[in-house]
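Descriptive analysis of the structure
Each chain, written out:
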Amino acid sequence: MAKPLTPIEKEFILGAVQREGVDIILKALDGEWPVTLLGMTKEALSLSHAVPLRLLKLGESYEFRFIYREQGLAFRARLLEAREGRLIVAAPVEVYKDLGRRYSRKVPPKDF
């Protein structure tokens, strides 16, 4: 069962992910795209990306997954700004570890 990281763990792991250039997978629509953490503040994360901007909607919440030291981690974050090559997302409230699976569940359609 997934467990949330403590605030200290979250800050440490996200800082290490930034320093080590660990790939983070952004799930947008039915595709997965690699992004890299460039910087972080208490309010937001700055990410480099190659996602087509037409797939992204401002204000939408997206799932992010990454593996750090052989442990799968995941979080959801709301998109604040999208430019060619750079995304700004709200800092995640929770980052989860000990995921039950290495893949994400498919979200059902909104009209389902």
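Please refer to the structure placed before this passage.
Notes on the structure in this doc start here. None of these values were measured; they are calculated from a predicted model. (Residues numbered from 1 in each chain as written. Predicted model: local features only at pLDDT ≥ 70, side-chain atom pairs only at ≥ 80, totals over all residues. Heavy atoms only, no water.)

What about the overall build of the protein chain?
Summing up its helical and strand segments, the protein chain has one helix and eight strands in all. The helix and strand sequence of the protein chain, counted from the amino end, reads β-α-β-β-β-β-β-β-β. Looking at the protein chain as a whole, 37% of its 112 residues are labelled buried. Of the contacts formed within the protein chain by residues at least 6 apart in sequence, a portion of 55% connects residues at least 24 apart. About 7400 Å² of surface is accessible on the protein chain, with carbon and sulfur atoms providing 55% of the total. (Helix = DSSP H or I, 4+ residues; strand = E, 2+ residues; numbered from the N terminus. Buried < 20%, exposed > 50% of the residue type's maximum accessible area, 1.4 Å probe, protein only. Contact = heavy atoms within 4.5 Å. Areas by Shrake-Rupley, 256 points an atom, 1.4 Å probe, with all protein chains shown as cover.)

Quick notes on the nonpolar core
Counting residues in each nonpolar core, the largest one holds 27 residues, and the members touching the most others are Ile24, Leu26, Leu47, Leu56, Phe64, Phe66 and Tyr68. Those elements that place two or more of their residues in this core are α1 (7-20), β2 (23-28), β3 (31-40), β4 (44-49), β5 (61-68), β6 (71-83) and β7 (86-90). With near-sequence residues (within four places) excluded, Phe64 lies in contact with Ile24, Ile25, Leu26, Val35, Leu47, Leu73, Ala74, Phe75, Ala77 and Val89. (Core = buried A, V, L, I, M, F, W, Y, C linked by side-chain atoms within 4.5 Å.)

Overview of the pattern of salt bridges
Taken as a whole and judged by the stated rule, the model has three salt bridges. A salt bridge links Lys97 to Glu9, with the shortest nitrogen-to-oxygen separation between them at 3.3 Å. You can see Lys97 sitting in strand β8 (residues 96-97) and its partner Glu9 sitting in helix α1, a full 88 residues away along the chain. The buried category is assigned to Lys97, whose relative accessible area is 17%. On the basis of relative accessible area, Glu9 is assigned to the partly exposed category, the value being 27%. Of the charged contacts in the structure, one is a salt bridge between Arg83 and Glu81, with a shortest N-O distance of 2.9 Å. (Salt bridge = Lys/Arg side-chain N within 4 Å of Asp/Glu carboxyl O.)

Section: the environment of Arg19
By secondary structure assignment, the location of Arg19 is in helix α1. Look at Arg19 and you get exposed, because its relative accessible area is 62%.

Overview of unusual backbone geometry
Non-glycine residue Arg69 carries a positive phi angle of around 50°. Here Arg69 is to be found in the loop between β5 and β6. Notably, Glu70 is not glycine yet its phi reads approximately 65°, a positive angle. Residue class for Glu70 comes out exposed when judged on its relative accessible area of 74%.

Things to note about α1
The end-to-end C-alpha distance of α1, which contains 14 residues, comes to 20 Å, matching closely the 20 Å that a straight helix rising 1.5 Å per residue would cover. Every buried residue of α1 is accounted for by Ile13, Leu14, Gly15, Ala16 and Val17. For α1, the elements touching its buried residues are β2, β3, β5 and β6. In the segment just after α1, Gly21 is the residue with positive phi, at about 65°. (Expected span 1.5 Å × (residues − 1).)

Notes on the packing of aromatic side chains
What the rule picks out here adds up to two aromatic pairs. Between the aromatic rings of Phe64 and Phe75, the centroid separation amounts to 5.0 Å while the plane-to-plane angle is 10°, which identifies the pairing as stacked. On the criterion of sequence distance, the pair formed by Phe64 in strand β5 and Phe75 in strand β6 is long-range, its members being eleven residues apart. Among the residues examined, Phe64 registers a relative accessible area of 1% and is labelled buried. Note on Phe75: relative accessible area 2%, which makes it buried. The interplanar angle of 65° and the centroid separation of 6.3 Å between the aromatic rings of Phe66 and Phe75 together place this pair among those described as edge-to-face. According to the relative accessible area criterion, Phe66 is buried, its value standing at 4%. (Phe/Tyr/Trp six-rings, centres within 6.5 Å; stacked < 30°, edge-to-face > 60°.)

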